[in-house]
Amino acid sequence: MAVLPIVTVPDPLLKKVSEPVKKVDDELRTFMDDMLETMYDAPGIGLAAVQVGRLLRILVIDIAPDGEDPNPMYFINPEITWTSEELNTYNEGCLSIPEQYADIERPAECKVKFLDYDGNEQEIHADGLLATCIQHEMDHLNGVVFIDYLSKIKRSMYVRKVKKHVKEKAG
Ligand code: GNR
Ligand code: NI
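This text gives an overview of the structure that appears in the document.

The rules behind each value
Residues numbered from 1 in each chain as written. Chains lettered and ligands numbered in written order. Predicted model: local features only at pLDDT ≥ 70, side-chain atom pairs only at ≥ 80, totals over all residues. Heavy atoms only, no water. Helix = DSSP H or I, 4+ residues; strand = E, 2+ residues; numbered from the N terminus. Rg over C-alpha atoms; globule rule 2.2 N^0.38 Å. Buried < 20%, exposed > 50% of the residue type's maximum accessible area, 1.4 Å probe, protein only. Contact = heavy atoms within 4.5 Å. Areas by Shrake-Rupley, 256 points an atom, 1.4 Å probe, with all protein chains shown as cover. Lys, Arg positive; Asp, Glu negative; His and termini not counted. Charge placed at Lys NZ, Arg CZ, Asp CG, Glu CD. Salt bridge = Lys/Arg side-chain N within 4 Å of Asp/Glu carboxyl O. Pairing = 2+ DSSP bridges. Donors = N, O, S within 2.8 Å, 3.2 Å for Na, K, Ca; no water.

Per the secondary structure count, the protein includes 3 helices and 7 strands. Reading the protein from its N end, one meets helices and strands in the order α-β-β-β-β-β-β-β-α-α. A compact globule built from 171 residues would reach a C-alpha radius of gyration of about 16 Å, and the protein, at 16 Å, matches this within 12%. Taken along its principal axes, the extent of the C-alpha atoms in the protein is 40 × 40 × 35 Å. Across the 171 residues of the protein, 43% fall into the buried class. Of the contacts formed within the protein by residues at least 6 apart in sequence, a portion of 64% connects residues at least 24 apart. When the accessible surface of the protein is split by element, carbon and sulfur atoms take 50% of a total near 9400 Å². Separation between the mean location of the 19 positive side-chain charges and that of the 30 negative ones in the protein comes to 12 Å.

Right, dumping it as structure tokens:
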């Protein structure tokens, strides 16, 4: 297992569309384990493969509260098959936009079809934080980050703050 470096804005990689996974094999499972370790180390509740530099349609999520048993979820080639009319607003963060937050409105519930860790097809109905997190991660697979929903001026302010944060952390 390994903690991988996380790509931050304005890295152009984060704007790219990720490619479907062709085969769920041991190499892929090792990579997904590394994604999970990277996410726990950060710490975060979700991570898309592009955030650690690979343009593959893979997400890992664990929304278990602190102090409770971990509940890792792996999503390969996820597709949202349904979203609710009802919307929900969460104060979202992103490991690629460290220490910056914004209220983002999204469908409150969704259904997602995907391949699991063993390559078997699954479909789940998500609500609450899980629904928000799945949609946030799906955006990453399509080259979108939450600041893309903000005005141009706010977006540039967030990018400037991230650059400063990254610079200070390196220095
Ligand atoms: O750790 C994360 N927290 C979070 C909080 C609200 C909505 C979405 C998220 S996902 C984020 C981790 C991340 O950047 N995933 O891509
Ligand atoms: Ni994110």
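We are not done yet, so read on.
Our focus in this paragraph is unusual backbone geometry. Residue Pro10 follows Val9 across a cis peptide bond; omega there is 5°. Relative to the assigned elements, Pro10 resides in the segment before helix H1 (26-41). In this structure, Pro43 follows Ala42 across a cis peptide bond, with omega equal to -10°. Examined against the element boundaries, Pro43 turns out to sit in the loop between H1 and strand S1 (46-48). Despite not being glycine, Asn77 shows a phi value in the positive range, around 45°. Here Asn77 lies in strand S3 (residues 73-83).

We now examine the pattern of salt bridges. Scanning the entire structure with this criterion turns up 6 salt bridges. Across the salt bridge formed by Asp148 and Lys15, the nearest N and O atoms sit 4.0 Å from each other. In this pair, Asp148 is assigned in the loop between helix H2 (128-141) and helix H3 (152-170) and Lys15 in the segment before H1, connecting sequence segments 133 residues apart. According to the relative accessible area criterion, Lys15 is exposed, its value standing at 58%. In this structure, Glu92 engages Arg106 in a salt bridge whose closest nitrogen and oxygen atoms are separated by 2.7 Å. Of this pair, Glu92 sits in strand S4 (residues 87-92) while Arg106 sits in strand S5 (residues 102-107), and the two are 14 residues apart along the sequence. Across the pair, Arg106 and Glu92 agree in class, each one buried. Salt bridges sharing partners connect three or more residues here, namely Glu92, Arg106 and Asp139.

Quick look at the pairing of S3 now. Pairing geometry for strand S2 (residues 58-61) and S3, over 4 bridges, is antiparallel. Paired with Leu59 across the two strands is Phe75, which belongs to S3. When S3 meets strand S6 (residues 110-115), the two strands line up antiparallel, connected through 5 bridges. Bridge assignment links Ile80 to a residue of S6, and that residue is Val112.

Here the focus is the coordination of the nickel ion (ligand 2). Protein ligation of the nickel ion (ligand 2) involves Cys94 (SG), His136 (NE2) and His140 (NE2), the donor distances falling in the range 2.1 to 2.3 Å. Spacing between the donor residues of the nickel ion (ligand 2) along the chain follows C-x41-H-x3-H. Separated by 46 residues along the polypeptide, Cys94 in the loop between S4 and S5 and His140 in helix H2 bring together distant segments of the chain. The pair formed by Cys94 and His140 is uniform in burial state, with each residue classed as buried.

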